[in-house]
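# Structural features, examined
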Amino acid sequence: MEPPSSRSHVQTPDVAHQENAGFATAFPAFPFDTAPEILVEDRRWRSYVTNPERVVKRALAACTAIGLQPGSVVLSCDRVVKRLNGTHRGKYKPTNVLTFEPPPGLPGGDIIFAFETVLREAQKAGRPVSHHLAHLVIHGSLHLAGYDHHHAGEAREMEMLESRLLSRLGVPNPWKPRA
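Everything in this summary refers to the structure shown in the same document. Model, not experiment: these values are computed from the prediction. (Residues numbered from 1 in each chain as written. Predicted model: local features only at pLDDT ≥ 70, side-chain atom pairs only at ≥ 80, totals over all residues. Heavy atoms only, no water.)

### Observations regarding the overall build of the protein chain
Here is the rule we go by: Segments assigned H or I by DSSP are reported as helices when at least four residues long, segments assigned E as strands when at least two residues long, and all are numbered from the N terminus. For every residue, the accessible area obtained with a 1.4 Å probe (protein chains only) is divided by the maximum for its type, and the residue is called buried under 20%, exposed over 50%, and partly exposed between those limits. Contacts are assigned to residue pairs that have any heavy atoms within 4.5 Å of one another. What sets the accessible areas is the Shrake-Rupley method with a 1.4 Å probe; for residues, cover comes only from the shown protein chains.
The helix and strand inventory of the protein chain stands at 7 helices and 4 strands. Shown N-terminal to C-terminal, the secondary structure of the protein chain runs as helices and strands in the order α-β-α-α-β-α-β-β-α-α-α. Counting only residues that meet the buried cut, the protein chain has 47% of its 179 residues in that class. Across the protein chain, contacts joining residues at least 24 apart in sequence account for 69% of those joining residues at least 6 apart. Put simply, the protein chain shows about 9500 Å² of open surface, and 54% of that area lies on carbon and sulfur atoms.

### Quick look at the sheet that holds strand 2 (residues 72–76)
What counts is decided by this rule: Here, a strand pair is defined by DSSP locating no fewer than two bridges between the strands. All axes here are fitted lines through C-alpha atoms, helices being fitted over the stretch that makes contact, and every angle between N-to-C directions spans 0 to 180 degrees.
The sheet built from 4 strands is open, its strands ordered 1-2-4-3 with mixed pairing. Two strands in the sheet have a free side with no partner beyond their single neighbour: strand 1 (37–40) and strand 3 (97–100). Adjacent strand axes in the sheet meet at a mean angle of 10°, parallel and antiparallel pairs treated alike. Where strand 3 and strand 4 (residues 110–114) come together, 4 bridges link them in antiparallel fashion. Pairing of F100 across the sheet is with D110, part of strand 4. In this fold helix 5 (residues 115–125) packs onto strand 2 and strand 4, with an angle of close to 65° to the strand it touches most, strand 4. Strand contacts of helix 6 (residues 129–144): strand 2, strand 3 and strand 4, with the helix running at about 145° to strand 4, the strand carrying the most contacts.

### Here's the deal with the packing of aromatic side chains
The following threshold applies: Centres within 6.5 Å make a pair out of two Phe, Tyr or Trp rings, where for Trp the six-membered ring is used; the pair is then stacked when the planes are under 30 degrees apart, edge-to-face when over 60, and tilted otherwise.
As enumerated under the stated definition, the model contains 2 aromatic pairs in all. Seen in terms of ring centroids, W45 and F115 are 5.3 Å apart; in terms of plane orientation they differ by 75°. Their pairing is edge-to-face. Taken together, the residues W45 in helix 2 (residues 45–48) and F115 in helix 5 connect sequence positions 70 residues apart. F115 shares its class with W45; the two are buried. Feature note: the residues W45, Y48 and F115 constitute an aromatic cluster, connected by ring pairs.

### A short note on unusual backbone geometry
Backbone geometry at N51 places phi at a positive 50°, although glycine is not the residue there. Tracing the chain through its elements places N51 in the loop between helix 2 and helix 3 (52–62).

### Concerning the environment of C77
Topologically, C77 is positioned in the loop between strand 2 and helix 4 (78–89). Under the relative-accessibility criterion, C77 is labelled buried at 5%. Each C-alpha atom of the pair C77 and E116 lies 6.3 Å from the other, and the pair is 39 residues apart in sequence. Among residues more than four places away in sequence, those in contact with C77 are D42, R44, F113, A114, F115 and E116.

### A closer look at the pairing of strand 2
For strand 2, the tally of buried residues reaches 5 of 5 residues, placing the bulk of the element in the interior. Because side chains alternate across strand 2, one face comprises the buried residues S72, V74 and S76, and the other comprises V73 and L75, equally buried. Judged from the 4 bridges that link them, strand 1 and strand 2 form a sheet pairing that is parallel. Paired with E37 across the two strands is S72, which belongs to strand 2. Across 5 bridges, the pairing between strand 2 and strand 4 is parallel. The residue bridging V74 from the neighbouring strand is I112, located in strand 4.

Structure below.
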């Protein structure tokens, strides 16, 4: 991995705290003895999400019943995700989240997020970045558990499961238009 960006958008702590108000307390405790490694590679995540590690842990905890949990979650940037997306998928552009399955017979897997893309999507949708991050953690976990969205039926099933898991966390349904 490349080092985190030295540029950082600074948001007042009050704004970040208000964005996450009630969010952290709505999560169950992480149920595993061995929690996945969570790396905040790009420090700009902390300007928009208070305690991003906690948001990730709680979203993963909501997914425990569906199967595979990642070995690591990396909060990175568009530059790193673009490079990985090009190398592993032949798509030379950033995407919000990449999920890498573990080698056969090994536990874990990796979920990597692109800061700028996640921020842009959250702002466009008018949602807190912490809610969008929780949604994408669940989305990546579902991919590790074998869910996909290449066909309409698969996509609908995955969206419905994401909505149910997010509701356990007090996060509004991202598929329902906001009033």
